[in-house]
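# Structure assessment
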Amino acid sequence: MRIKKGDTVLIISGKDRGKKSKVLKTLPKDFKIVVEGANITKKHRRPRKSGEKGQKVEIPAPMDVSNVKLVCPKCGKPVRVGYKFVGEKKLRVCKECGEET
Ligand SMILES: [Zn+2]
């Protein structure tokens, strides 16, 4: 996967299009990611104890990784990424500025 946890991404499709946010979680098997504050679903949480109120919790649901673009931490633009090898190490690089991301 080209997107990692902690990345800043720009959402390019869906209802949150245009939003920039942080990747909270990646689900590489499904090619999905969870982005902070994006693709929000509301869930109702039942009270655990009597006397406690039920709460509505807003949870970001996983979205397809193809819906986002990485925002390069070096040049600040939404970019495509490539890879280069330095010795044994595979580095992710920005196709815009060529910097390692
Ligand atoms: Zn860049």
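Everything discussed here concerns the structure shown above.
Keep in mind that what you see is a predicted model, and the values were worked out from it rather than measured.

The rules behind the values
- Residues numbered from 1 in each chain as written.
- Predicted model: local features only at pLDDT ≥ 70, side-chain atom pairs only at ≥ 80, totals over all residues.
- Heavy atoms only, no water.
- Salt bridge = Lys/Arg side-chain N within 4 Å of Asp/Glu carboxyl O.
- Helix = DSSP H or I, 4+ residues; strand = E, 2+ residues; numbered from the N terminus.
- Donors = N, O, S within 2.8 Å, 3.2 Å for Na, K, Ca; no water.
- Tetrahedral: all angles 85-135°; square planar, octahedral: opposite > 155°, others 65-115°.
- Buried < 20%, exposed > 50% of the residue type's maximum accessible area, 1.4 Å probe, protein only.
- Contact = heavy atoms within 4.5 Å.

The subject of this paragraph is the pattern of salt bridges. In the structure shown here, the tally under the stated rule is 4 salt bridges. Aspartate 16 is paired through a salt bridge with lysine 19; the nearest N and O atoms lie 3.3 Å apart. Ionic pairing is found between glutamate 58 and lysine 42, a salt bridge with its closest N-O pair at 3.8 Å. Remark: lysine 42 occurs in strand S4 (residues 40–45) and glutamate 58 occurs in strand S5 (residues 55–60); sequence separation between them is 16 residues.

Here methionine 63 shows up in strand S6 (residues 63–64). For the pair methionine 63 and isoleucine 33, spaced 30 residues apart in sequence, the C-alpha to C-alpha distance is 5.5 Å.

It is worth spelling out the coordination of the zinc ion at this point. The protein atoms donating to the zinc ion are Cys72 (SG), Cys75 (SG), Cys94 (SG) and Cys97 (SG), with metal-donor distances spanning 2.2 to 2.4 Å. Considering all 4 donor atoms around the zinc ion, the spread of angles at the metal, 100 to 117 degrees, places the coordination shape in the tetrahedral class. Overall, cysteine 72 belongs to the buried group, its relative accessible area being 1%.

Here we take up the environment of lysine 42. Residue class for lysine 42 comes out exposed when judged on its relative accessible area of 60%. Placed 37 residues apart in sequence, lysine 42 and valine 79 show a C-alpha to C-alpha distance of 31 Å.

We now examine the side chain of serine 21. For serine 21, the location among the structural elements is in strand S2 (residues 20–27). Excluding its chain neighbours within four sequence positions, the residues that come into contact with serine 21 are Asp7, Thr8, Val9, Val35 and Glu36.

Everything listed is a geometric property; what it means functionally is a separate question.
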